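What follows is each chain in one-letter form.
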Amino acid sequence: MVQAKAWVLKQHFEGFPKYSDFELKHEQLPELSDGEVLVEAMFLSVDPYMWPFSRFRMQPGDVMIGTQVAKVIQSKNPEFPVGSHVVGQCGWRTHTISDGTSLIRLLNDWPLNVSFSHALGAIGMPGLTALYGLEEVLAIKPGETLLVNAAAGAVGSVVGQLAKLKGCKVVGSAGSDAKVAYLKELGFDHVFNYKTVQSLEEALKQASPEGYDCYFDNVGGHFSSVALPQMKCFGRIAVCGGISTYNNKEPQTGPYPQLTMIMKQLHMEGFLVGRWEHKNQESLKRMLTWLQEASGKLKCTEHVTTGFDNMPTAFMGLLHGENMGKAIIKV
């Protein structure tokens, strides 16, 4: 018998999450049935989407949603032999019994010198989000100017690097001077600390006086209200997240973008990464190639928290903007 630990949602978040919103539970797992596997978590992910998704897709008492890289330690399913590694939608759990439907084997040619944790970051959902947002939603072209906010996060940092690979000018915003320095190291053309600039509008104008062709929005709220008037006519906006609004107890209101969108004839599209799931295997191989190339076309930074018991701390730190790159929990 294996004892598993799991973090459950004790109550829905009201404003910023609190420790009292979570509860750590222990359970004895049963023996496997035919077709099942037992996996043990190695790395777990915390991501901003967990806040809004917990509201829409979870009830109090449910195990917190999330993805992990895990190792198969028992198996009665030939598709997942003991010792193989998987990415699983297992939530915040140390051990999970699965019939395999929620598991995906890591790429067969996963390099030995690349940590499996990157399957939760640049070579996983955040990297695919960046890629599909740029290619499928924005249809970005060489020579265009891209604005990305939350640019030092798991998605934003990849967005900027991929846009540079495609021959674009990249402007990023982040919430600390250390993050600004990090993004400049990644090759961003212009970066500013939105917390310290006197005027967000002037910072955007100075970074790109001619305006922006594309805007990859991870933040929403006030930032987007200021950014939309800086778009060029026929500009495109990919709405990936709204982290500035997740912790509000009362919804933000106005200003409203309709007139700006009409006069500039803007195209704004929200998206979820699963829309292009049929492309994932090919896309992950592309990302892995860029990561391995000697020129360092794609750099991956991780913010690692050690210990499963620290999952809520890591999640709240993410929402506070403490992470640089992908936030990972190492078990």
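What counts, and where the lines are drawn
- Residues numbered from 1 in each chain as written.
- Predicted model: local features only at pLDDT ≥ 70, side-chain atom pairs only at ≥ 80, totals over all residues.
- Heavy atoms only, no water.
- Disulfide = S-S within 2.5 Å.
- Pairing = 2+ DSSP bridges.
- Helix = DSSP H or I, 4+ residues; strand = E, 2+ residues; numbered from the N terminus.
- Axes fitted to C-alpha atoms, helices over the stretch in contact; angles between N-to-C directions.
- Contact = heavy atoms within 4.5 Å.
- Parallel < 35°, antiparallel > 145°, perpendicular 65-115°, else oblique.
- Left-handed = near helix turned anticlockwise from the far one by under 90°.
- Core = buried A, V, L, I, M, F, W, Y, C linked by side-chain atoms within 4.5 Å.
- Buried < 20%, exposed > 50% of the residue type's maximum accessible area, 1.4 Å probe, protein only.
- Phe/Tyr/Trp six-rings, centres within 6.5 Å; stacked < 30°, edge-to-face > 60°.

**Re the state of the cysteines**
Then step 1. Per the stated rule, a full pass over the model turns up zero disulfides.
Then step 2. Cys-233 takes part in no disulfide bond, and the closest cysteine sulfur to it belongs to Cys-214, at a distance of 14 Å.
Then step 3. Just so you know, Cys-300 is unpaired, no disulfide at all, and the nearest cysteine sulfur is the one on Cys-240, 17 Å from it.

**With respect to the sheet that holds strand β8 (residues 145–148)**
Within a sheet, neighbouring strands are paired by backbone hydrogen bonds and run either parallel or antiparallel to one another.
Then step 1. Read from one edge to the other, the open sheet built from six strands follows the order β10-β9-β8-β11-β12-β13, with strand pairing classed as parallel. Edge positions in the open sheet fall to β10 (190–193) and β13 (267–270), since each of these has one partner strand only. Sheet twist, expressed as the mean angle between neighbouring strand axes with direction ignored, is 15°.
Then step 2. Most of the contacts of helix α4 (residues 177–185) go to β10, to which it runs at about 170°, and overall it touches β9 (169–174) and β10.
Then step 3. Packing of helix α5 (residues 200–207) onto the sheet brings it into contact with β8, β9, β10 and β11 (212–217), and relative to β10 it is tilted by some 165°.

**Things to note about the packing of helix α2 (residues 125–137) against helix α3 (residues 156–165)**
Then step 1. One way to put it is that α2 packs onto α3 with a least axis distance of 8 Å and a crossing angle of 45°. Comparing their axes, α3 and α2 come out oblique. The handedness of the crossing between α2 and α3 is right-handed. Here Gly-127, Ala-130, Leu-131 and Leu-134 of α2 lie close against α3, whose contacting residues are Val-158, Val-159, Leu-162 and Ala-163.

**Examining the nonpolar core**
Considering soluble globular proteins, one finds that nonpolar side chains tend to be buried as a cluster.
Then step 1. Ranked by size, the top nonpolar core spans 49 residues in total, and within it Leu-134, Leu-146, Leu-183 and Phe-216 carry the most contacts.
Then step 2. Those elements that place two or more of their residues in this core are α2, β8, α3, β9, α4, β11 and α8 (280–292).
Then step 3. When sequence neighbours within four positions are dropped, the list of residues in contact with Leu-146 reads Leu-134, Leu-138, Ile-140, Val-159, Ala-163, Lys-169, Val-170, Val-171, Tyr-212, Cys-214, Tyr-215 and Phe-216.
Then step 4. In this structure, Leu-9, Met-64, Phe-308 and Leu-318 belong to the second largest nonpolar core, which totals 21 residues.

**A short note on the packing of aromatic side chains**
Then step 1. On inspection of all chains with the given rule, the structure shows 12 aromatic pairs.
Then step 2. An angle of 15° between the planes, with centres 5.6 Å apart, marks the rings of Phe-22 and Trp-92 as stacked. Highlighted residues: Phe-22 in strand β2 (residues 22–29) and Trp-92 in the loop between β5 (85–88) and β6 (95–98), separated in sequence by 70 residues. There is no split in this pair, since Phe-22 and Trp-92 are both buried.
Then step 3. Their ring planes at 80° and their centres at 6.1 Å tell us that Phe-216 and Phe-271 sit as a pair that is edge-to-face. Placement of Phe-216 in strand β11 and of Phe-271 in the loop between β13 and α8 is noted, with a sequence separation of 55 residues between them.
Then step 4. The exposure class of Phe-271 is buried, given its relative accessible area of 8%.
Then step 5. Here the aromatic residues Phe-13, Phe-22, Trp-51, Trp-92 and Phe-315 are joined through ring pairs into a cluster of three or more.

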